[in-house]
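Residue-level structural notes
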Amino acid sequence: MNNQPDFKQLEILEQRLGYVFHDKKRLLEALTHRSHKSASNNERLEFLGDAVLDLVIADFLFEKFPHLQEGSLSKMRAAIVNEKSFSQLAQHLGIGDSLLLSNAEENNNGRKKPSILSDAFEAIFGAIYLESSIAVVKKIVFALLERAYPDSSLHNLNIDHKTTLQELTQAHYGEVPTYSILNTTGPDHQKVFEVSVSICGEEIATATGNSKKKAQQNAAELALHCFKQRGIL
């Protein structure tokens, strides 16, 4: 690889995106790091893409999880809209192979730097938005997130089940859940806690975990499933 465009890699990137750029110069701009000796770089497109992705990902979560309230949706969005997540999505698309970097940045392993990958990821979607529409960006991002999070759930997107359950019960019952330790087993270095969660005096679920916190989270997750079966979620 060098610091000149590799048009074969650009084609591969477009195939992975499921989108062919009408203006290749705009794609090249999105892939150009500020260290590269070019007339323009991807900083402006990154600024735009950041706002576009924030909206589109919020839309994705709003549609995907109709039962979640604002607090939980915000936490879930924060789990996706960040440098670490965007750099992983960039790796999923192979963006690093197409970046235009200075020789110094190239030798400094710049193609794998999370900050550079994340910025290029945002810039690409800023570029797609400029030459198409928000609907096109939405289609591409939705498909990408479905691939990246095939079992998209509260668990693998790092949602706090306890917080989600509390928001639900406060909204529906005006009460917060109560957690009780039912049993503790195992040696001190390998304890297992059994915890129940109750709402308005009714025990909804019980679960175990290798810590009190984990057991409570597991119980809250089961309680959410129970409420879903009841048609409350």
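Not measured: the values here are computed from a predicted model. (Residues numbered from 1 in each chain as written. Predicted model: local features only at pLDDT ≥ 70, side-chain atom pairs only at ≥ 80, totals over all residues. Heavy atoms only, no water.)

Here we take up the packing of aromatic side chains. One pass over the full model with this rule turns up five aromatic pairs. Summarising the aromatic geometry, the rings of Phe-86 and Phe-121 are spaced 5.1 Å apart at their centres and angled 40° between planes, so their arrangement reads as tilted. Placement of the pair is Phe-86 in helix H5 (residues 83–93) and Phe-121 in helix H7 (residues 114–131), with a sequence separation of 35 residues. Classification of Phe-86 as buried rests on a relative accessible area of 1%. For Phe-121, a relative accessible area of 2% translates into the label buried. With 6.1 Å between their ring centres and 40° between their planes, Tyr-173 and Phe-227 make a pair best called tilted. Separated by 54 residues along the polypeptide, Tyr-173 in helix H9 (residues 161–173) and Phe-227 in helix H10 (residues 212–229) bring together distant segments of the chain. Among the residues examined, Tyr-173 registers a relative accessible area of 35% and is labelled partly exposed. For Phe-227, a relative accessible area of 1% corresponds to the buried category. (Phe/Tyr/Trp six-rings, centres within 6.5 Å; stacked < 30°, edge-to-face > 60°. Helix = DSSP H or I, 4+ residues; strand = E, 2+ residues; numbered from the N terminus. Buried < 20%, exposed > 50% of the residue type's maximum accessible area, 1.4 Å probe, protein only.)

It is worth spelling out the packing of helix H3 (residues 43–64) against helix H4 (residues 70–80) at this point. Interaxial distance between H3 and H4 falls to 10 Å at its minimum, and their mutual angle equals 130°. Considering the angle they form, H3 stands oblique to H4. As for how H3 packs across H4, the hand of that crossing is right-handed. The segment H3 lies against H4, with Asp-54, Ile-57, Ala-58, Leu-61 and Phe-62 engaging Leu-73, Met-76, Arg-77 and Ile-80. (Axes fitted to C-alpha atoms, helices over the stretch in contact; angles between N-to-C directions. Parallel < 35°, antiparallel > 145°, perpendicular 65-115°, else oblique. Left-handed = near helix turned anticlockwise from the far one by under 90°. Contact = heavy atoms within 4.5 Å.)

Compared with an ideal rise of 1.5 Å per residue, which puts 18 residues at 26 Å, H7 spans 26 Å between its outermost C-alpha atoms and is within 8% of the ideal. Most of H7 is tucked away: 14 of the 18 residues are buried. (Expected span 1.5 Å × (residues − 1).)

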